[in-house]
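# Fold and geometry: a report
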Amino acid sequence: MRDRLLAAEKVKAIEWRDGVLHLLDQRALPARESWLACSTVVEVAAAIRARVVRGASAIGISAAYGLVLAARERLAEGGDWQAAWEEDYALLADTRPTASNLFWALKCMRDRLDRLKQHADPLAVLEAEAIAIHESDREANVVMAQLGLERIRKHQGNAQAILTHGNAGALATGGVGTALGVIRAAFLEGLVEQVYANETRPWLQGSRLTAWELAGAGIPVTVNADSAGAHILKTKGVTWVVVGADCIAANGDVISTIGTYQLAVCAMHHGVRFMVVAPSSTLDLMMATGDDVSLEERDAGELLEVNGQRLEVQAFNPAFDVTPADLIDVIVTEKGVVERPDTAKLARLMCRKRLH
């Protein structure tokens, strides 16, 4: 399955080439594929803020490369370059505060710099670390896809309908994707008859990005309004809801794209199993519950501008919500699978080595 998944890769969101970070501009999809070249840390931070690149893993990978660019700039300036580099670190950390992978990747880079041997080239060492973070995510995606596939096969061994929300595919990661990686693997094994993709308002990650990815891979996909999700679970024979995550708290609460929580409630009501797929770097054991997270809010204009006119009312436009652990059937990571997650189970998971 690993070779089949890697052979099926058609979409990349991130490329590191000749010392420049190239990002597929996800704001332009699906109308056109446009790449943005970032040669400075300021450009990387701006791209993350503007959602040129999005998805927790992809944000973390991009930030790691951003620190390589920062080191190159600071070393050229001379003086106390590491103190200045820490300012760049803080700049990147402030871009998307909900994404655990961002802070994990930044910490990996700082830890690697702290272990720098005397006379070693810091720029070469940091570049190697960023590339390793990128490649590790690609491999983790493959492992998660296989583990998720086995859960789907275990509970129903024939072709079925799956519903997903947001975008947790190749566009959001360094590989085949988390949730969409599982869906892709299940499709390759003949276990997917139809995928329903919530449009995922207001940024439309589902209709603009997920549907584009799945259709490009030849996977049958139907886009539906978010408000049709419960009706689809009731009437279309969906057996699994499969989603990604931007952060997972120590108790198993999942912070993900707004609308995930209500979908999990509906799934439980209709007896549909709910799977969250995310690398272990998404787990934050220092965050006791999802209530401890700072949830980002998006521009009110996304909701208030209708047909070129702005409504003169207040708007509440959160980017994420918190799905309580007791609504989740299974969390799939590259370290293994946790059913009915809780604090003790996730702590044990994090003590494991990665599966290969």
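See the structure shown above.
What counts, and at which threshold
Residues numbered from 1 in each chain as written. Predicted model: local features only at pLDDT ≥ 70, side-chain atom pairs only at ≥ 80, totals over all residues. Heavy atoms only, no water. Helix = DSSP H or I, 4+ residues; strand = E, 2+ residues; numbered from the N terminus. Buried < 20%, exposed > 50% of the residue type's maximum accessible area, 1.4 Å probe, protein only. Areas by Shrake-Rupley, 256 points an atom, 1.4 Å probe, with all protein chains shown as cover. Lys, Arg positive; Asp, Glu negative; His and termini not counted. Charge placed at Lys NZ, Arg CZ, Asp CG, Glu CD. Axes fitted to C-alpha atoms, helices over the stretch in contact; angles between N-to-C directions. Left-handed = near helix turned anticlockwise from the far one by under 90°. Contact = heavy atoms within 4.5 Å. Nonpolar A, V, L, I, M, F, W, Y, C, P; charged D, E, K, R; others polar. Pairing = 2+ DSSP bridges. Core = buried A, V, L, I, M, F, W, Y, C linked by side-chain atoms within 4.5 Å.

## With respect to the overall build of the protein chain
Looking only at helices and strands, the protein chain features 12 helices and 16 strands. Referenced to the eigenvectors of the C-alpha coordinate spread, the extents of the protein chain come out at roughly 65 × 55 × 40 Å. Split into buried and exposed, the 356 residues of the protein chain put 56% on the buried side. Element-wise, carbon and sulfur atoms account for 50% of the exposed surface of the protein chain, whose accessible area totals about 15000 Å². Charge-centre separation for the protein chain: the mean point of 37 positive side chains lies 6 Å from the mean point of 45 negative side chains.

## A word on the packing of helix α5 (residues 100-114) against helix α6 (residues 122-155)
Running from N to C, α5 and α6 cross one another at 145°; their axes reach a closest spacing of 10 Å. The handedness of the crossing between α5 and α6 is right-handed. Of the residues in α6, those touching α5 at Trp104, Ala105, Cys108, Met109, Arg112 and Leu113 are Pro122, Val125, Leu126, Glu129, Ala130 and Ile133. Taken together, the residues of the contact of α5 with α6 break down into 10 nonpolar, no polar and 2 charged.

## Details of the sheet that holds strand β1 (residues 14-17)
Sheet architecture is open: 3 strands sit in the order β1-β2-β3, paired in antiparallel fashion. At either margin of the open sheet sits one strand with a lone partner, and together these are β1 and β3 (35-38). Averaged over all neighbouring strand pairs, the angle between strand axes comes to 25°, with direction disregarded. In terms of strand pairing, β1 meets strand β2 (residues 20-24) through 4 bridges, oriented antiparallel. Across the sheet, the residue bridging to Trp16 is Leu21, located in β2.

## Quick look at the nonpolar core
Soluble globular proteins tend to pack their nonpolar side chains together in the buried interior. Within the largest apolar cluster, 40 residues are counted, with the highest numbers of intra-cluster contacts made by Ile14, Leu21, Leu23, Trp85, Leu92, Leu106 and Met109. For this core, the secondary-structure elements that each account for two or more residues are β1, β2, α2 (41-49), α3 (56-77), α4 (81-93), α5 and α6. Considering each element in turn, this core owes the most residues, 12 residues, to α3. Sequence-distant contacts of Ile14, defined by excluding residues within four places in its chain, comprise Leu21, His22, Leu23, Trp35, Ala58, Ile61, Ser62, Tyr65, His134 and Thr173. Listed in part, the 28 residues of the second largest apolar core include Ile152, Leu191, Val192 and Val337.

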